[in-house]
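In case you want the letters, here they are:
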Amino acid sequence: MIDWAWIGSHLGEIAARTGEHVLLTVIALVVGFALSMLLAWLAWARPRSYGPITWTAGILYTIPSIALFALLVPFTGLSLLTAEIGLVSYTLLILIRNIVTGLQGTPPSVVEAGLGMGFSDREVLWRLRLPLAVPVVISGLRVAAVTTIGLVTVTALIGRGGLGVFILRGLQRAFTTEILVGTVVTVALALLVDSAFVLAERRLAPWVDRATVR
Amino acid sequence: MTEGAPGHSSTAIRLEDVCKTYPGSAHPAVESLSLEIRAGEVMVLVGPSGCGKTTTLKMINRIIEPTSGRIWIEGTDALTTPPHVLRRGIGYVIQQVGLFPHRTVGENIATVPELLGWEEGAVKRRVAELAKLVGLDPELLGRYPAQLSGGQQQRVGVARALAADPPVLLMDEPFAAVDPIVRQRLQEELVSLQRRLRKTIVFVTHDLDEAILLADRMAVLNLGGKIEQLGTPAEILANPATPFVESFLGRERGLRRLSLLTVEEIDLEKGPVVGPGDGPSAAGQAMDRYGTDWVVVVEDGRLLGWKWGADLADEPHGFRASVAPSDTLRRALDVILTSHTQVAVVEEGGRYLGIIDAAAIGRALAG
C-alpha cells in the first residue's frame with residue numbers, strides 16, 4: 001500500500017516542502033501575533049472597541065479558507081501575500097481574545113496590592129497584567145499555530161508550496177503514498193510545534209508549573 | 001498593646017470631614033468622618049459590615065478617592081500628592097494578600113525598595129532582614145507564592161509592606177482569611193513586632209477580640225462611618241458610650257475586659273502565709289484572717305507550697321493553680337476554674353507574690 005521507494009526517492013522534495021510549510025506558518029504567526037497585540041492593546045485602551053474588533057475577527061474566522069483565497073486572487077494574484085492574508089486572518093480571533101482575556105485575568109487583589117505598593121497604571125499593565133497573561137497568550141498561540149499548520153496545506157491550491165502540494169498531487173493521481181506523506185508530516189509538524197510552545201510556557205511562566213496544591 | 005503608645009502629642013494621620021459617596025448610591029458610605037491617629041499607635045477601626053471602615057482605610061492611601069474632605073499624612077496633604085508617590089511611603093496589607101504570583105517570595109518583598117531605586121545589595125540585605133523579622137524561613141525566598149501556606153503568604157504580605165520602612169501601615173482585615181490557630185499566632189507576632197517597630201498602624205477588622213488584642217485605641221463605627229466611640233479598648237469595654245456600642249460589644253463584655261487586665265494590675269491579697277517552722281498558733285491566726293483551713297508556706301519570699309491547717313507536720317503540697325503577674329485576669333479565672341480550686345497562687349520564678357480568687361477578679365471588674 002505504501003510505496004517506500006517513492007518516499008526514498010523524494011526525500012529531498014519532502015524536506016523542501018516542509019521548509020516552505022514552516023516558513024508560511026512562521027510568517028503567519030509572527031504577523032498575526034504582532035497585529036493581535038496591537039488590536040488587543042487598542043481594545044484594552046479603548047474598551048468600546050473590543051466588541052467591533054472581535055466581531056470583525058470572528059467574521060474573518062468563519063469564511064471558509066478556500067473561499068477566502070478565491071476572493072483574494074483577483075486582487076492579489078497567486079502570491080505569497082494572498083496566502084498570508086488568509087493565514088493571518090485566521091489567527092486574529094483566537095489571539096486577540098486570549099491576549100485580552102489574559103490581561104483581564106489578573107486577580108483584583110494583585111492589582112490592588114500593586115497599586116498599594118505604588119505602581120502606576122502603566123506599571124500595573126507591564127509588570128503585573130502582561131507577565132501574568134503569558135500562559136493564556138501562549139495557549140492562544142498553540143491553537144493558532146496548529147490551526148495555521150493545517151491551513152497551510154490549502155495554500156498549495158494557489159501555488160505557494162508547502163506539504164499540501166503532496167496531498168493535492170496525490171489526490172489528482174490517486175496515489176495514496178503521496179497523500180499520506182503530506183498528511184503525516186503535517187500532523188507531525190503540528191505536534192512538534194505544539195510541544196515547543198508547551199516547553200516555552202514552562203520557561204516563560206515557571207510559577208504556573210511549580211504551583212502545588214496546598 | 002494595652003500600655004498605650006508613647007509620643008501622644010504628634011499626629012501621624014489626620015482625617016478632616018472625609019466623605020465618600022459611591023456613584024449610584026443614595027447614601028454616603030462614609031459621611032463626614034474626622035479622626036486623628038497618633039504617631040506610633042495602633043488604631044483599630046471596628047464595626048459591623050457596611051459601616052465604612054474599609055472605605056475609610058482605603059481613602060488614606062487613595063485606593064478609594066474621597067468625595068470630599070482632607071487627609072494629612074505626616075504633615076503632607078495626601079490628596080494633592082500623586083497617588084503612586086504617596087503609596088510608596090505607606091505599607092499596605094490586605095486580606096487576600098495580593099502577592100504577585102509570577103514573582104518569587106524574595107522578589108515580592110523587594111517590590112517597593114526596587115521601585116524606589118535602592119541599590120541591589122541594599123535590597124538583598126533588606127529582604128533577608130525582613131524574612132527574619134516576620135519569621136520566614138530564608139529557604140522560602142526563592143519559592144513562588146502559590147507554594148506557601150496561607151499563614152506564610154500573609155507573613156510575606158507583611159514583610160512586603162514593611163520593606164521600605166514606611167512610618168505608616170494600613171492593614172485591611174489581614175488575618176481574616178487564615179484559620180483560627182494561625183490567626184492567633186499572626187496576631188501575637190504583630191503585637192511583638194509593633195513593640196519593636198512602633199509604626200503608626202491603621203487596622204480594620206470586624207473581629208472584636210482582634211480589635212481588643214491589637215488596639216492602642218479603637219474607633220467603633222456605625223453605618224455611614226459614624227464614630228460611635230473612640231478610646232482605648234479598656235475605656236470602651238468599661239463604659240460603652242451608646243447603645244450601639246453596647247450591643248456591638250455583646251454579652252461577653254465582662255469576659256473581654258478580663259483579657260485586658262493583668263494580675264499585677266489588681267491589689268493582690270497576701271494570703272494565709274506561714275513560715276516553714278511555724279506552729280499551730282501562727283497558722284491559726286493566718287487562717288482566721290482569711291477564713292481558710294489551709295496555709296501558704298513561704299520561706300524568705302520563696303514559695304514552698306501549701307498545707308492543711310490540721311496537718312502542719314506534713315511536707316508542703318504544690319499548688320495546682322498558679323499564675324504569673326503578667327497573666328491576664330481571664331487566664332487567672334480560667335486556671336482557677338479548670339483546676340477545681342477556689343484560688344490560684346501568684347508567683348514569678350518561685351517568688352511568692354500573693355493569692356487571687358474569683359471574688360478578687362470580680363472586684364477588679366467592678367472597680
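Residues numbered from 1 in each chain as written. Chains lettered and ligands numbered in written order. Predicted model: local features only at pLDDT ≥ 70, side-chain atom pairs only at ≥ 80, totals over all residues.

Asks: Can you help me understand the overall build of chain B in this one?
Replies: For chain B, the count of helices and strands is 14 helices and 16 strands. Dimensions along the principal axes, computed over C-alpha positions, put chain B at roughly 80 × 50 × 35 Å. Out of the 367 residues in chain B, the part that is buried amounts to 41%. Partitioning the contacts of chain B with sequence separation of at least 6, the portion at a separation of at least 24 is 61%. (Helix = DSSP H or I, 4+ residues; strand = E, 2+ residues; numbered from the N terminus. Buried ≥ 20, exposed ≤ 12 C-beta atoms within 10 Å, placed from the backbone. Contact = placed C-beta atoms within 7 Å.)

Asks: What should I look at first to understand the sheet that holds strand β2 (residues 30–38) of chain B in this one?
Replies: In sheet architecture, strand pairing relies on hydrogen bonds along the backbone and comes in two forms, parallel and antiparallel. Residue and element names in this part refer to chain B. The strand order β2-β1-β4-β5 describes an open sheet built from 4 strands, whose pairing is antiparallel. Edge strands, defined here as strands with exactly one partner in the open sheet, are β2 and β5 (76–77). Along the sheet, helix α1 (residues 53–60) makes contact with β1 (11–20), β2 and β4 (68–73), crossing β1 at roughly 120°. (Pairing = 2+ DSSP bridges. Axes fitted to C-alpha atoms, helices over the stretch in contact; angles between N-to-C directions.)

Asks: Looking at this structure, how should I read the environment of W308 of chain B?
Replies: All names here are of chain B. Of note, W308 is situated in strand β13 (residues 302–308). Given 14 C-beta atoms within 10 Å, W308 falls into the partly exposed group. Residues contacting W308, with those up to four places away along its chain left out, are D293 and W294.

Asks: Help me understand the interface of chain A and chain B, please; the structure alone is not making it clear to me.
Replies: Each partner contributes residues to the interface: chain A has 19 residues there, and chain B has 20 residues. Only α6 (108–117), α7 (121–152) and α10 (206–210) of chain A provide two or more residues apiece to the side of chain A that touches chain B. In terms of residue count, the dominant contributor to the side of chain A that touches chain B is α6 of chain A (7 residues). Looking at the side of chain A that touches chain B residue by residue, the class counts come to 11 nonpolar, 5 polar and 3 charged. (Nonpolar A, V, L, I, M, F, W, Y, C, P; charged D, E, K, R; others polar.)

Asks: What is the right way to read α7 of chain A from this model?
Replies: Residues lying three or four places apart along an α-helix face the same way, a consequence of the helix completing one turn every 3.6 residues. An ideal rise of 1.5 Å per residue puts 46 Å on 32 residues; α7 of chain A reaches only 41 Å between its terminal C-alpha atoms. Largest kink in α7 of chain A: about 45°, centred on V134 of chain A, with the proline P135 of chain A one to four residues after it. (Expected span 1.5 Å × (residues − 1). Bend = angle between axes of the 7 residues up to and from the residue.)

Asks: Got a minute to help me understand helix α6 (residues 150–162) of chain B in this structure?
Replies: Residue and element names in this part refer to chain B. End to end, α6 covers 19 Å across 13 residues, agreeing with the expected 18 Å (1.5 Å per residue, within 8%). α6 sits mainly inside the fold: 11 of its 13 residues count as buried. Within the span of α6, buried status applies to Q152, Q153, Q154, R155, V156, G157, V158, A159, R160, A161 and L162. On its buried face, α6 is in contact with β6 (90–94), α3 (105–109), α4 (111–115), α5 (120–133), β7 (168–172) and α7 (180–197).

Asks: Even after reading the chapter, I still don't get the nonpolar core, so can you show me in this structure?
Replies: For soluble globular proteins, the rule of thumb is that nonpolar side chains tend to be buried together. Judged by nonpolar contacts, the single largest core of 122 residues is most densely connected at I96 of chain A together with V44, L45, A159, L170, V202 and F203 of chain B. At 12 residues, helix α5 (residues 80–104) of chain A tops the list of elements feeding residues into this core. When near neighbours in sequence (up to four residues on either side) are disregarded, F203 of chain B contacts V42, M43, V44, M171 and L214 of chain B. (Core = buried A, V, L, I, M, F, W, Y, C linked by C-beta atoms within 7 Å.)

Asks: Sorry if this is basic, but what is going on with the pairing of strand β10 (residues 226–231) of chain B here?
Replies: The side chains of a regular strand alternate, first on one face of the sheet and then on the other. All names here are of chain B. Relative to β10, strand β9 (residues 217–222) runs antiparallel, the two being bridged by 5 bridges. Counterpart to N222 in the pairing with β10 is K226. Here β9 hands over to β10 after 3 residues, with G224 in that stretch at a positive phi of 80°.

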